[in-house]
Amino acid sequence: AYYNKYGYATESLKNTIKKDIKKKFNTTSEVLDEFDWNGKNYFIYAMLYKEFKFKYKFEELGKDKFKNMDNIEYFGIRNSSSSKLRDQVKVLYYQDINNFAVKLLTTSDEEVILSRGAKGSNFLSVYENIQELAKNYEGNKGFGKDDLLKIPVIDFHNHETIKELDGIELVTSVDNLTVNKVVRDTVFKLDATGGKLKDEFGLGSFATSLDKNVRLFYLNNEFYLFLKEKNKDLPYFAMNVSDISKFQNITSN
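The structure presented is a predicted model; accordingly, all values stated were derived computationally and were not measured.

*Asks:* Please clarify how the environment of lysine 65 should be interpreted in this entry.
*Replies:* Relative to the helices and strands, lysine 65 is located in strand β3 (residues 59-66). Residues lysine 65 and aspartate 36, 29 residues apart in the sequence, show an inter-C-alpha distance of 45 Å. Those residues in contact with lysine 65 that sit more than four places away from it in its chain are Asp70, Ile72, Tyr74 and Asn220. A polar side-chain atom of lysine 65 sits 3.1 Å from a polar atom in the side chain of aspartate 70.

Here it is as structure tokens:
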């Protein structure tokens, strides 16, 4: 799911990258055309691409509020949902509606971990705290017949030039590189059928040489999302969802 390439920024390198990601991922680049391909600068490129599906499509729950915002699309599990949908969800822990974590299973090795109320100063510490709470949780880890799940649809595309890295020096075994441009393009989608992640990174540089029984799993306030491969220790993607307007096109009633 990962591709990287580096070398002097020639048209030949650019064309190689285009052909490679088309062959490997059947996709195109959103960052390559923003760089100068005069052959003088050094270029580093990377892409992470993942697609995953749920075995059974979750229920589409219509629109509801997220924090104080209306018309937010949700999917998940309602009272009448079948057991096969409930089997796609594993409870990591549940304290109350404001503090819980669940794991959504897919048809591949991908696991979607969703948590509300998790604490930590960065993504790693949040994830570690989720794991610790899950390890110590003694409640029911199955998604029961009375449990309900509500997840907002995510449709996120962020394209940014990271100016904070301009002028940074990268010392390699061969050259000292001075960063002059960094562009990152991230697409993430999650809905009732599955999800897709495309995370692309380009770096150009100058080289100086080379009911009390009912548990409500409602993600209708700030929450964390992690993507992890089965049997791996750490996730490969993390997201905090606080301002839902960045993830959906919001329309008024």
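*Asks:* What should I look at first to understand helix α1 (residues 11-25) in this one?
*Replies:* Helical geometry: 3.6 residues make up each α-helical turn, so side chains three or four residues apart lie on a common side. Under the 1.5 Å per step criterion, the end-to-end length of α1 is 21 Å for 15 residues, consistent within 8% with the ideal 21 Å. Inspection of α1 places Leu13, Lys14, Ile17, Ile21 and Phe25 among the buried residues, and these make up the whole buried set. All buried residues of α1 lie within an arc of 100° about the axis, which places them on one face of the element. Of the exposed residues in α1, those oriented more than 90 degrees away from the buried face are Ser12, Lys19 and Lys23. Following α1 by one or two positions, asparagine 26 has its phi on the positive side, about 55°.

*Asks:* Got a minute to help me understand the pairing of strand β7 (residues 110-116) in this structure?
*Replies:* In the case of a regular strand, side chains alternate between the two sheet surfaces. Taken across its seven residues, β7 has seven buried, putting it largely inside the fold. What you see with β7 is no split at all: Glu110, Val112, Leu114 and Arg116 on one side and Glu111, Ile113 and Ser115 on the other are buried throughout. Both strand β6 (residues 99-105) and β7 contribute to a ladder of six bridges, which runs antiparallel. Across the sheet, the residue bridging to phenylalanine 100 is arginine 116, located in β7. Adjacent in sequence and paired antiparallel, β6 and β7 are bridged by four residues.

What counts, and where the lines are drawn
Residues numbered from 1 in each chain as written. Predicted model: local features only at pLDDT ≥ 70, side-chain atom pairs only at ≥ 80, totals over all residues. Heavy atoms only, no water. Helix = DSSP H or I, 4+ residues; strand = E, 2+ residues; numbered from the N terminus. Contact = heavy atoms within 4.5 Å. Polar contact = N/O pair within 3.5 Å; in protein donor to acceptor, adjacent residues only side chain to side chain. Expected span 1.5 Å × (residues − 1). Buried < 20%, exposed > 50% of the residue type's maximum accessible area, 1.4 Å probe, protein only. Arc of directions from axis to C-beta. Pairing = 2+ DSSP bridges.

Taken by themselves, the reported measurements are silent on function.
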